[in-house]
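What follows is each chain in one-letter form.
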Amino acid sequence: MYLTKYGTQWGAIPQTAGRVFWVAPGDSYVVDGRSYSASNDNDGLSPENALRRADRGANLATEAGDVVVLLPGAHTVTASIALDTANVTFMGLPGGRGNYLKPRTTLACSAVDQTINVTAAGIEIAYIEFKSTTSQAAALIDVSANGDELYVHDCSFDLYTATAATTILGIDTIGAHTGMLVERCHFSCDGAFGASIDLTASLGATVDQCIFRQTAGTLAATITVGAATDQAIVKDCVFMVHGSGVVTANIDGTGATIASGILVSNCRFSDLNTVPVDNFDAGECELVECYEAGVGVTDGGVLIVVIT
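Here is what the cut-offs are and how they apply
Residue indices begin from 1 for each chain and proceed along its sequence in written order. Two thresholds apply to this predicted model, a pLDDT of at least 70 for residue-level local features and 80 or more for giving and counting side-chain atom pairs, whereas whole-chain, interface and lining totals are computed over all residues. Water and hydrogen atoms play no part in the side-chain values, which are based on all heavy atoms of the structure. Note on classification: 1.4 Å probe, protein chains only; a residue is buried when its accessible area is under 20% of the maximum for its type, exposed when over 50%, partly exposed between these limits. Secondary structure elements are defined from DSSP: runs of H or I of at least 4 residues count as helices, runs of E of at least 2 residues count as strands, and each element is numbered from the N terminus. Any two strands with at least two DSSP bridges between them are considered paired. For every residue, the predictor assigns a confidence score, pLDDT, that lies between 0 and 100. By definition, residues are in contact when any of their heavy atoms lie within 4.5 Å. In these notes, a set of buried Ala, Val, Leu, Ile, Met, Phe, Trp, Tyr and Cys residues joined through side-chain atoms within 4.5 Å is what counts as a nonpolar core.

Engineer: Sorry if this is basic, but what is going on with the pairing of strand β23 (residues 238-241) here?
Structural biologist: On a regular strand, each side chain points to the face opposite its neighbour's, so the side chains alternate between the two faces of the sheet. Burial along β23 is one-sided: Phe239 and Val241 are buried, and none of Val238 and Met240, which face the opposite way, are. Judged from the four bridges that link them, strand β20 (residues 211-214) and β23 form a sheet pairing that is parallel. Within β23, the position partnered with glutamine 214 by the bridge is valine 241. Where β23 lies against strand β26 (residues 268-269), two bridges are found, and the strand directions are parallel. Residue pairing for β26: valine 238 is matched across the bridge by arginine 268.

Right, here's the structure in full:
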């Protein structure tokens with residue numbers, strides 16, 4: 001029954017040879033019009049027998065191919081979730097592909113810590129809105145040196161609920177990992193936070209089809225490229241600045257060290273940013289078919305031909 005209703009036939013839960021652990025957002029929850037009680041004492045192996053906490057689901061996912069599904073609603077954890085088993089999927093339930101601007105499942109950490117710490121290869125994270133909190137003091141997702149081939153897609157990142165601090169980032173590289181893909185994600189920021197994505201030390205990372213919004217306050221950089229960033233690609237992304245928002249550099253190469261370490265392709269930048277691509281030395285950034293927006297019905301934008 002549940003394989004048919006929630007499984008791969010509807011494109012919601014990926015095909016897997018592993019187990020699927022279900023997590024409810026509250027003590028009581030509803031599935032298929034029936035009420036159930038969630039508990040960390042449940043096995044979590046069916047939607048009507050869900051676990052109560054997302055970290056409990058992550059702790060039980062100890063085999064490659066295991067999937068943790070957070071049922072729709074607001075989930076909160078009191079400490080960082082460790083994704084430390086290779087090839088595990090951690091996801092919300094989208095109902096089809098879902099709306100990555102506002103996923104139905106939210107996840108917040110009430111501690112002074114990152115929300116998720118990725119320390120294993122092949123992790124997939126999808127269909128979750130990561131909510132910063134007033135207690136937040138670290139990134140929403142940290143990626144360690146062991147977090148190779150991380151795949152984050154169809155997620156939204158709240159960089160506005162927390163008190164603005166440069167220590168709070170969206171996705172933060174804290175080690176030299178390879179092959180990260182961030183795809184179809186939405187980052188919304190309203191102050192002097194850290195970067196939405198920090199690519200420092202990453203090898204072969206790709207950021208594709210993402211939307212970055214600065215709605216108020218001043219952000220130093222949206223994407224940072226630091227020491228040893230190499231073979232990175234940022235493509236088909238939109239960098240918006242709204243109202244009183246200010247972004248000093250959307251893609252900032254301060255600390256970049258590798259020749260042709262990043263390719264920025266087919267991106268669109270708001271007219272309200274200070275500099276779209278900045279602080280790269282000669283030859284460190286390749287730029288192709290990127291435009292800065294114009295203002296007025298006759299202005300279709302300007303091709304960016306200079307990296308400062």
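Engineer: How should the confidence of the model for the protein be read in this particular structure?
Structural biologist: Regions with low pLDDT should not have their predicted coordinates read in detail. Here the protein averages 90 in pLDDT, and 93% of its residues register 70 or above. Below a pLDDT of 50 lies the segment residues 7-11, which in the model reaches 12 contacts outside its immediate sequence neighbourhood of four places, other chains included.

Engineer: Where do I start with the nonpolar core in this structure?
Structural biologist: A general feature of soluble globular proteins is that nonpolar side chains tend to end up buried together. Residues Phe90, Ile125 and Ile251 are the most contacted members of the largest nonpolar core, which totals 66 residues. The residues contacting isoleucine 251, other than those within four sequence positions of it, are Ile223, Val225, Val234, Phe239, Ile262, Val264, Phe269, Pro276, Val277, Asp278 and Phe280. Formed by 15 residues, the second largest nonpolar core is a distinct cluster that contains Tyr29, Ala50, Leu93 and Tyr127.

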